[in-house]
Amino acid sequence: MLKMKNELCSLFLLLFILIVIQALGCSSDDCTPVLSQEYEQYRVTVSGGSSPSDVSTYTEDRNSRTTVVITPNLPEPDDGWKYVVYFEFMDIDGTSFLGVPGGLYENPQCVDPADQPLQESFHKLLEQGYAIILTSEWSWDNLFYLPCSSVDPEDGCWFEENPDLLYWQALFERIRTNTLVADVKFNYDQMALIGQSVGAQMASRAMDVFPTLLTTSGNPLPDLKAVAMIAGGSLYCYLYYGVEPKPQFFSDNYTPCDRPDLGCCPLRLTSPRFDGGLEWSSHPPTILIQHENDSYADPKASVYYFEILYENDVEAELYRPAGTLHGMAPENVTDLVTFLSFHLGD
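Residues numbered from 1 in each chain as written. Predicted model: local features only at pLDDT ≥ 70, side-chain atom pairs only at ≥ 80, totals over all residues. Heavy atoms only, no water.

Draft legend 1. Local environment of the overall build of the chain. For the chain, the helix and strand inventory stands at eight helices and eight strands. Per-residue burial for the chain yields a buried fraction of 57% across its 346 residues. The long-range fraction of contacts in the chain, counting pairs at least 24 apart against all pairs at least 6 apart in sequence, stands at 75%. Element-wise, carbon and sulfur atoms account for 52% of the exposed surface of the chain, whose accessible area totals about 14100 Å². (Helix = DSSP H or I, 4+ residues; strand = E, 2+ residues; numbered from the N terminus. Buried < 20%, exposed > 50% of the residue type's maximum accessible area, 1.4 Å probe, protein only. Contact = heavy atoms within 4.5 Å. Areas by Shrake-Rupley, 256 points an atom, 1.4 Å probe, with all protein chains shown as cover.)

Draft legend 2. Geometry of the sheet that holds strand β4 (residues 131–135). Strand order in the open sheet made by the eight strands is β1-β2-β4-β3-β5-β6-β7-β8, with mixed pairing throughout. The outermost strands of the open sheet, each flanked by one partner alone, are β1 (39–47) and β8 (316–319). For this sheet the average axis-to-axis angle between neighbouring strands, irrespective of direction, equals 20°. Along the sheet face, helix α2 (residues 116–127) touches β1, β2 (64–72), β3 (81–87), β4, β5 (186–196) and β6 (224–230) and points at about 145° away from the line of β4. (Pairing = 2+ DSSP bridges. Axes fitted to C-alpha atoms, helices over the stretch in contact; angles between N-to-C directions.)

Draft legend 3. Layout of helix α7 (residues 301–311). The element α7 is extensively covered by neighbouring structure, given that eight of its eleven residues are classed as buried. All buried positions along α7 are accounted for by A301, S302, V303, Y304, Y305, F306, I308 and L309. Where α7 is buried, its residues contact α4 (198–209), β6, β7 (286–289) and β8. Positive backbone phi, approximately 60°, marks D313, located one or two places after α7.

Draft legend 4. How the structure looks around empty space enclosed by the protein. Per the counting criterion, the structure on display carries three cavities of 30 Å³ or more. Counted as a void, the largest cavity has a volume near 150 Å³. If you trace the largest cavity, you find 16 residues lining it, with E88, S96, V111, D115 and Q119 closest to the centre. It is α2 that contributes the most residues to the lining of the largest cavity, three residues altogether. Broken down by class, the residue content of the lining of the largest cavity amounts to nine nonpolar, four polar and three charged. (1 Å grid on protein atoms, 1.4 Å probe; cavity = no way out; pocket = protein on both sides within 12 Å on 5 of 7 lines; lining within 4 Å. Points joined across faces, edges and corners; volume = space filled by probe spheres on them. Nonpolar A, V, L, I, M, F, W, Y, C, P; charged D, E, K, R; others polar.)

Draft legend 5. View of the packing of aromatic side chains. Inspection of the entire model under this criterion finds 20 aromatic pairs. Relative to F144, the ring of W138 lies with its centre 6.0 Å away and its plane at 75°, an arrangement referred to as edge-to-face. Accessibility expressed as a relative area gives 7% for W138, which makes it buried. What makes F144 buried here is its relative accessible area of 0%. Counting every residue linked through ring pairs, the aromatic cluster contains F87, W158, W168, F172 and F210. Stacked on the ring of F250, the Lys or Arg K246 has its end atom at 5.4 Å from the ring centre. (Phe/Tyr/Trp six-rings, centres within 6.5 Å; stacked < 30°, edge-to-face > 60°. Lys NZ or Arg CZ within 6 Å of the ring centre and 35° of its normal.)

Draft legend 6. Local environment of the nonpolar core. In this structure, Y83, W168, F172, L180, F186 and I194 are the most contacted members of the largest nonpolar core, which totals 97 residues. If one sorts the elements of this core by residue count, helix α3 (residues 163–176) sits on top with eight residues. Once you skip the residues sitting within four places of it in the chain, F186 turns out to touch V69, D79, G80, W81, Y83, A131, I133, I175, N178 and L180. The next biggest cluster of nonpolar side chains, apart from the first, holds seven residues, and it includes C31, F97, L98 and V111. (Core = buried A, V, L, I, M, F, W, Y, C linked by side-chain atoms within 4.5 Å.)

Draft legend 7. Main features of the pairing of β3. In terms of burial, β3 is a largely internal element, seven of the seven residues being buried. Alternating residues of β3 divide into W81, Y83, V85 and F87 and K82, V84 and Y86, and every residue in both groups is buried. Across five bridges, the pairing between β3 and β5 is parallel. From the neighbouring strand, V85 faces β5, where its bridge partner is L193. Between the parallel pair β3 and β4, the chain is carried across by α2, and the sense of this crossover is right-handed. (Right-handed = clockwise from strand over helix to strand, strands pointing away.)

Okay, here's the thing in structure tokens:
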């Protein structure tokens, strides 16, 4: 299903990483996340455990993931930090896109240019008193969001007890019990979520399952006060990439497709929960940002998702900066920070 696309993406990413690193002169020595006067940064390991669906592939060691926690250098609120979770492009050992430790940086040379507006957004959110949590991926540029049942990691299916599900259950249990970082307290239900690229589709999956998913101790996951989807859309995106012949379901929901060479996102689907009849009033407020001619994703992914939200009176904002960048534009930093801070509150 996704194998062909993942192989092409991996080759492209490898070449791109080498070009960027050479251009920036970035090394692991000068790109180590440090503490600053504005925030404190922690690197912790969260173990999601092995997946019973395929214990030989999804081992406990393989699902022990580095998670970066960043808190403002301000007095901690009595009820704990309100926080933003971002699906970071970071391996389980904490290595980022450029081959350096993932985290928040003061040196822009240590950040992929497409991610610099996000890094600026994180700085501004910290200044306003919100904590940031960066999660890692089980495998590079691959999250288990798709509505399918294959246990092959290359297919990216949200199968029962997949490693991302187990990681979330463990992560939010530690956030709920204030055991993620020693002496750091979180305001559990005051949470916003950001997903970029494949992370946008994972944000769609999160909105679909958070209302019913439980932590490792059987407690509910937090309420999503707001969600940001950047350069992506519905969890149904790319479901039929490389599949031939296309089924009738594709013709009914994915055509016309703006860029079939990049893969297609649906015009009339968001997620099983909302498409299946759940009250749209329970859909979190959502901001969508995507360049008009995104060169690495279906450029209409965000548009299609927004149009469905608009038709169903869901609070949503859509920003379409000009250009081909796969990410958000610098002019959208204020839009993103304002939207999230409004819904998280002071």
